[in-house]
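Listed below are the residues making up each chain.
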Amino acid sequence: MANLERAPRKSINDLIYDLIFKNYVWQSIFRTGYPNTPRNQMLAVATNVFLHLHPTRIHRTHVKITHTYCLGGLSFFMFLGLTVTGVLLMFYYVPSVERAYQDIQALEANVRFGQLLRNMHRWMAHAMIILVLLHMMRVFYTGAYKPPREFNWVVGVVLFILTLLLSFTGYLLPWDQLAFWAITVGTTMVGSAPVLGDESKFLLLGGFSVGPNALIRFYTLHVIGLPLVISIFMAVHFWRVRRDGGLARPL
Amino acid sequence: MVSRAAAAIRTRPRREREAEVLVWPDLVFIEFISALIFSIALMVLSAMVNAPLLNRADPDTTPNPSKAPWYFLNLQELLLHMEPAWAGVIVPTIALVLLAAIPYWDRDTDGQGVWFGTKFAGRLTVFGFTAATLITSLLIIWDGSLHVVWTENVIRGLGLNSDFAWPGGLDWFRNLRGFDTGIPWDSLGFTIGGFTMFEDWRAIPLGIPGTTTDPWLLNLNFPSFLSQQIIPVATMVGLPVLFVLFCKMLGWIHTRRDIALLIFSAFIGVYLTTTIVGTAFRGQGQDLKPPWDIVVLEE
């Protein structure tokens, strides 16, 4: 039985703990206290704007790595990383035919960690496409598209297309031979559509061939247009995962 | 297979609290670690491999081969085998629509939440993927006329006939275009209703029989239509149908889920094969080449 007569003396650890986690400022930020009890752990998830994408509890099978391989979450993580590196790249890059290429050269040569920054952005973009594809395969092979998750699968297909478009619009920006001719080949394919082919190509390029107008269009779509659209679809996607009952589980 | 009505009224059992774990720390920890691993891996990759930067863009200097970004090279590969409208727009659009439509067609809620949820799922996946990869590779080899080169080399190399060349009578089997150029279309004409139909198979005369007005020529270019549209589309529709019939014959297919597994796996096989061939096996003039022989020329 606990000794009710006298409270045990606080150890030094407890004092430090109280000092950090029970002071006024900390508790104004994190209302729940340190998540070391089940109650606080659930509150930590439920009362945090970022963590509340999650439920507070999930089924045991869903934390097994081999069930999802974290592929969807990692796709989103790539998106976040691309946003951060992308914003930093925007400091050094001007989307004009005169400056684009030399800005990239200057970024690689003169900016501290500039080359690393550009490399990170590019490899993350490739990784995101591969992860999104693998995520789609995971969802398919675990039958997770089945009712009631039909619509979220469709949203996922849209997200896949948007991911490709984001990568494609970014591809032109370095304005080197690789970029220029890849976009020329890509947009020529768009132009071969039986209906509105030439019109779509003209709309995309702002002209008949890849030039200054195309660069500014691709840039605008890449840094603001498509990120906004994909964010909306991602919000729907994540929301629907929760609304449709979390991860799929055998009935 | 559970009927649709039965599936609709079937409900999830009561939440099993004892089978649940807390998201903090169990899930958040995994997410944190996986994010950390990816950050480190990408950081290391970025420290070792630089993003490519070629010469400044020059509209007057065309690299040969010119390639789209790697994730569109599957479409660029299709472009070599059929009408551009099919390869660049119609096929990908239909593929994406069909992909999005899967859950509206396969509505049975059985087998969700587990990997490969049906009895023959493993076999269907392996068969669909392998067969599609093999057949796609063979079709690409055939359309690249590699069988012609190999046959000639083998017969010459064995000393059977040192001057051996692919026989003219088999010109139509050189590649897909062979159907267009290797068949003597002009000599196949016949008459219907007083008109010499398909006089040269390039322009089909459309007129009102029995009148004296000159027939209006429909510039269909039937041979090209056959090789660039009919055969590729028939292949893309026919092979999946054959796959399904074959697996049905083997007794592997019992539900729509099984068909979806087979076709999706085959799709992944085709997607990967065309992407890899387009990325690593296409040299100048989009000719088939081993990766180590590919040089990009600027012209």
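Residues numbered from 1 in each chain as written. Chains lettered and ligands numbered in written order. Predicted model: local features only at pLDDT ≥ 70, side-chain atom pairs only at ≥ 80, totals over all residues.

1. Section: the overall build of chain A
Inference 1: Helices and strands together make up the secondary structure of chain A, namely 11 helices and one strand.
Inference 2: Along the chain direction, N to C, the helices and strands of chain A fall in the order α-α-α-β-α-α-α-α-α-α-α-α.
Inference 3: The buried share of chain A, taken over its 251 residues, is 35%.
Inference 4: Long-range pairs, those at least 24 residues apart, make up 63% of the contacts in chain A between residues at least 6 apart in sequence. (Helix = DSSP H or I, 4+ residues; strand = E, 2+ residues; numbered from the N terminus. Buried ≥ 20, exposed ≤ 12 C-beta atoms within 10 Å, placed from the backbone. Contact = placed C-beta atoms within 7 Å.)

2. Let's talk about the interface of chain B and chain A
Inference 1: Contacts between chain B and chain A engage 66 residues on the former and 73 residues on the latter.
Inference 2: Looking at the side of chain B that touches chain A, the elements that each hand over two or more residues are strand E1 (20-22), helix H2 (23-48), helix H3 (73-79), helix H4 (84-105) and helix H9 (256-280) of chain B.
Inference 3: The element best represented in the side of chain B that touches chain A is H2(B), accounting for 15 residues.
Inference 4: Residues belonging to the side of chain B that touches chain A are distributed by class as follows: 42 nonpolar, 13 polar and 11 charged.
Inference 5: Alignment of strand E1 (residues 57-59) of chain A against E1(B), held across three bridges, turns out to be antiparallel. In the sheet register, Ile58(A) faces E1(B), and the bridge partner there is Val21(B). (Nonpolar A, V, L, I, M, F, W, Y, C, P; charged D, E, K, R; others polar. Pairing = 2+ DSSP bridges.)

3. Focus on the environment of Val158(A)
Residues and elements named next belong to chain A.
Inference 1: Among the structural elements, valine 158 can be located in helix H8 (residues 150-171).
Inference 2: Under the C-beta neighbour-count criterion, valine 158 is labelled partly exposed, with 16 such atoms within 10 Å.
Inference 3: For the pair valine 158 and glycine 114, spaced 44 residues apart in sequence, the C-alpha separation works out to 33 Å.

4. Some details on H2(B)
Inference 1: Taking 1.5 Å per residue, 26 residues should reach 38 Å; H2(B) reaches 36 Å between its end C-alpha atoms and fits that length.
Inference 2: Residues of H2(B) that are buried sit in contact with helix H3 (38-46), E1 and helix H7 (114-141) of chain A together with E1 of chain B. (Expected span 1.5 Å × (residues − 1).)

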